[in-house]
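Overview (structure and organization)
Residue strings, one per chain:
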Amino acid sequence: MSRKKRNLVFENLEVIDAGAKGKTVAKAPDGKVVFLPNAVPGDVVDVKTFKKRKAYYEGKAIVFHKLSDKRVEPPCKYFGTCGGCKWQDMGYEHQLYFKQKEVVNNLTRIGHIELPEVTPILGSKQQYFYRNKMEFSFSDSRWLTQNEIQSDKDLGDKNALGFHIPGMWDKILDIDKCHLQEDPSNAIRNAVKQFAVANSLEFFNTRNQKGFLRTMMIRTSSTGDIMVLVQFFKEDVKKRKLLLDFISEEFPEITSLQYVINGKGNDTIYDQDVICYKGQDHIFEEMEGLKFKINAKSFYQTNSEQAYELYKITRDFARLMGNELVYDLYTGTGTIAQFIAKKAKKVVGVESVPDAIEAAKENAQLNNINNVEFFVGDMKQVFNDDFISTHGQPDVIITDPPRDGMHKDVVAQLLNIGAEKIVYVSCNSATQARDLALMDAMYKVTKVQPVDMFPQTFHVENVVLLEKR
């Protein structure tokens, strides 16, 4: 018996929606949904499928019969290969529309909860060059396009300093201009690559775990500080000093130049010693007169300007009068806790990462904030009845969990506490909707405010106010 052919071709399908993870949606002749990575709502396309499931297909547009009026020309020449800005070909007003639609759909279809009128999504003033942190990878065998592979031309330098190709852990796309981080980010990256090639500094080979130059991180801040961290696979004092001295001399505006020697299998630096080569071992971010000290391992919202808007919405939703005890769950480095502290009697922050709590305490001291306390521990274990009896019954709870949302034990404890108000900040409205459904019997959603932190991508933040019924 012959196997059924999986790769079907559907002709003249209209792309009707944008779905999860940035994929757009069409309908096949049999009524099933087709998910596409390379189309815009309003396009009319022929689709070749590469995956078939019970309820849907996954495919790719191979012929475009009609182009959508929602389309714009992507400014980045790497669009479609890099994978970092999947919606660059869609006008920004349409990106905002589909982000808001996703939030509302998730809250209603997953959460099955009654919603107030959802406030229009808050767009970002900066649609490009908005990120304050970028990480680039070195490779001695850069990603080649199909045209390059088929070409007879000498491809020259095979070294790359850029981004991972989506889904390929060992393939790096060489970049000469990225539209996500403002200068001098591009200038630093390009100068480092040219200098490394000219001085025969080995670029890393991930597959063989060989080479010298591994990654480079650049952080910028609204205060004008710049941090550069170079990760080396092995120590070679002469070569290391050669590169770091070049960076320091070529870019005297860098305020923090650091490095890591990391010979392990992966390039995460969180278990590594970070060494300050020149300047300070940190940079500062500022918000409403508050200073936040950020080191190489610190988490800080990557869109500083829009983070300020997000925090203002969170503070407004909490409607603090000055006499409240506030719990800030998943506090990270305590930025929200400190941002709202002047409006509260006391703020208690809880976070599972010890380094983050140390940074939170240091920043609170730096800002002369005396009405905040920070505690470290796994949320589902530390946030228990003993914790509440020790630190007090909160009037308001702010929770900003990771993408997976809150553990069911944390949700159960929230219901057990029964605070008058909960402000739920989420980077994943699907898991947020699941958690809201669990709290629906006790809490009513009274405000919903989506916020776009990452233009040109499908990601969207959402802030919800829950008030006790």
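Going by the annotation in an unreviewed UniProt entry, the name recorded for the chain is 23S rRNA m(5)U-1939 methyltransferase, with Jejuia pallidilutea given as the source organism.

Attention now goes to the overall build of the chain. A count of helices and strands for the chain gives 11 helices and 21 strands. Over its C-alpha trace the chain gives a radius of gyration of 24 Å, about what one expects of a compact globule, namely 23 Å for 469 residues. With the C-alpha coordinates aligned to their principal axes, the bounding extent of the chain is approximately 75 × 65 × 45 Å. For the chain, the residues scored as buried account for 51% of the 469 residues in total. In the chain, the share of contacts with a sequence separation of at least 24, taken over all contacts with a separation of at least 6, comes to 63%.

The next point concerns the sheet that holds strand 16 (residues 346-351). Hydrogen bonds along the backbone pair up the strands of a sheet, which may run parallel or antiparallel. Pairing in this open sheet of 7 strands is mixed, and the strands run 17-16-15-18-19-21-20 from one edge to the other. Edge positions in the sheet fall to strand 17 (372-376) and strand 20 (443-451), since each has one partner strand and no second. Looking at each pair of strands side by side, their axes are set apart by 15° on average, direction ignored. Where strand 15 (residues 325-329) meets strand 16, 5 bridges bridge the pair, whose relative direction is parallel. Considered in strand 16, the bridge of valine 326 is made with valine 347.

In the numbering adopted here, UniProt assigns the feature "active site" (unreviewed entry) to Cys427. For cysteine 427, the position within the fold is in the loop between strand 19 (421-426) and helix 11 (429-439). In this structure cysteine 427 comes out as partly exposed when scored by relative accessible area, which is 22%. In this structure cysteine 427 touches Pro401, Pro402, Arg403, Val460 and Glu461, once residues within four positions along its chain are discounted.

Moving on, we come to the domain arrangement of the chain. According to the domain assignment, the chain consists of domain 1 (1-71), domain 2 (94-127 + 303-468) and domain 3 (133-287). In this structure, domain 1 and domain 2 have C-alpha centres spaced 37 Å apart. Facing the 7 residues of domain 1 at the interface are 5 residues of domain 2. The contact between domain 1 and domain 2 buries some 540 Å² in all, and 68% of this surface belongs to carbon and sulfur atoms.

Our next topic: the sheet that holds strand 3 (residues 33-36). On the basis of which strands lie adjacent, the closed barrel formed by 5 strands has the order 1-2-3-5-4 and mixed pairing. Put simply, the sheet's adjacent strands are angled 50° from each other on average, direction ignored. Examined bridge by bridge, strand 4 (residues 44-52) and strand 5 (residues 56-66) share 8 bridges and lie antiparallel to one another. Looking across to strand 5, one finds that lysine 51 is bridged to glutamate 58.

Right, let's get into the pattern of salt bridges. Close approach of charged atoms lets side chains of opposite charge pair. For the coordinates displayed, the defined rule picks out 21 salt bridges. Measuring nitrogen to oxygen at the nearest pair gives 2.9 Å for the salt bridge that ties lysine 77 to aspartate 176. Separated by 99 residues along the polypeptide, lysine 77 in the loop between strand 5 and helix 1 (92-110) and aspartate 176 in the loop between strand 8 (172-174) and helix 3 (185-198) bring together distant segments of the chain. Between lysine 342 and glutamate 288 there is a salt bridge, with its nearest N and O atoms 3.4 Å apart.

Okay, helix 10 (residues 408-417) next. Since the α-helix advances by 3.6 residues per turn, residues separated by three or four positions end up pointing in the same direction. Val410, Val411, Gln413, Leu414 and Ile417 are the residues of helix 10 that are buried. In a view along the axis of helix 10, the buried residues occupy a sector of 160°, so they form one face of it. Exposed and oriented more than 90 degrees from the buried face of helix 10 are Lys408 and Asn416. Backbone geometry just after helix 10 places glycine 418 at a positive phi near 70°.

A few words on the packing of aromatic side chains. Here the structure, examined in full by the defined rule, presents 17 aromatic pairs. A centroid spacing of 5.1 Å and a plane angle of 65° characterise the contact between phenylalanine 10 and tyrosine 57, whose relative ring orientation is edge-to-face. Residue phenylalanine 10 is located in strand 1 (residues 9-18), and its partner tyrosine 57 is located in strand 5; the two are separated by 47 residues in the primary sequence. Seen in terms of ring centroids, tyrosine 327 and phenylalanine 383 are 6.2 Å apart; in terms of plane orientation they differ by 70°. Their pairing is edge-to-face. Taken together, the residues tyrosine 327 in strand 15 and phenylalanine 383 in the loop between helix 8 (379-382) and helix 9 (385-391) connect sequence positions 56 residues apart. Here tyrosine 327 matches phenylalanine 383 in class, with each residue buried. Clustering of aromatic rings is evident, with ring pairs tying together Phe212, Phe232, Tyr259 and Tyr277. When the ring centre of tyrosine 308 is taken as origin, the NZ or CZ atom of lysine 312, which lies over that ring, is 4.4 Å away.

Topologically, proline 74 is positioned in the loop between strand 5 and helix 1. With 15 residues separating them in the primary sequence, proline 74 and aspartate 89 have C-alpha atoms 5.0 Å apart. Contacts of proline 74, omitting those with residues within four sequence positions, involve Phe79, Gln88 and Asp89.

Cut-offs applied
- Residues numbered from 1 in each chain as written.
- Predicted model: local features only at pLDDT ≥ 70, side-chain atom pairs only at ≥ 80, totals over all residues.
- Heavy atoms only, no water.
- Helix = DSSP H or I, 4+ residues; strand = E, 2+ residues; numbered from the N terminus.
- Rg over C-alpha atoms; globule rule 2.2 N^0.38 Å.
- Buried < 20%, exposed > 50% of the residue type's maximum accessible area, 1.4 Å probe, protein only.
- Contact = heavy atoms within 4.5 Å.
- Pairing = 2+ DSSP bridges.
- Axes fitted to C-alpha atoms, helices over the stretch in contact; angles between N-to-C directions.
- UniProt positions renumbered as here; feature names shortened; annotations may be inferred.
- Domains from an automatic or database assignment.
- Buried area = accessible area lost by both parts, 1.4 Å probe.
- Salt bridge = Lys/Arg side-chain N within 4 Å of Asp/Glu carboxyl O.
- Arc of directions from axis to C-beta.
- Phe/Tyr/Trp six-rings, centres within 6.5 Å; stacked < 30°, edge-to-face > 60°.
- Lys NZ or Arg CZ within 6 Å of the ring centre and 35° of its normal.

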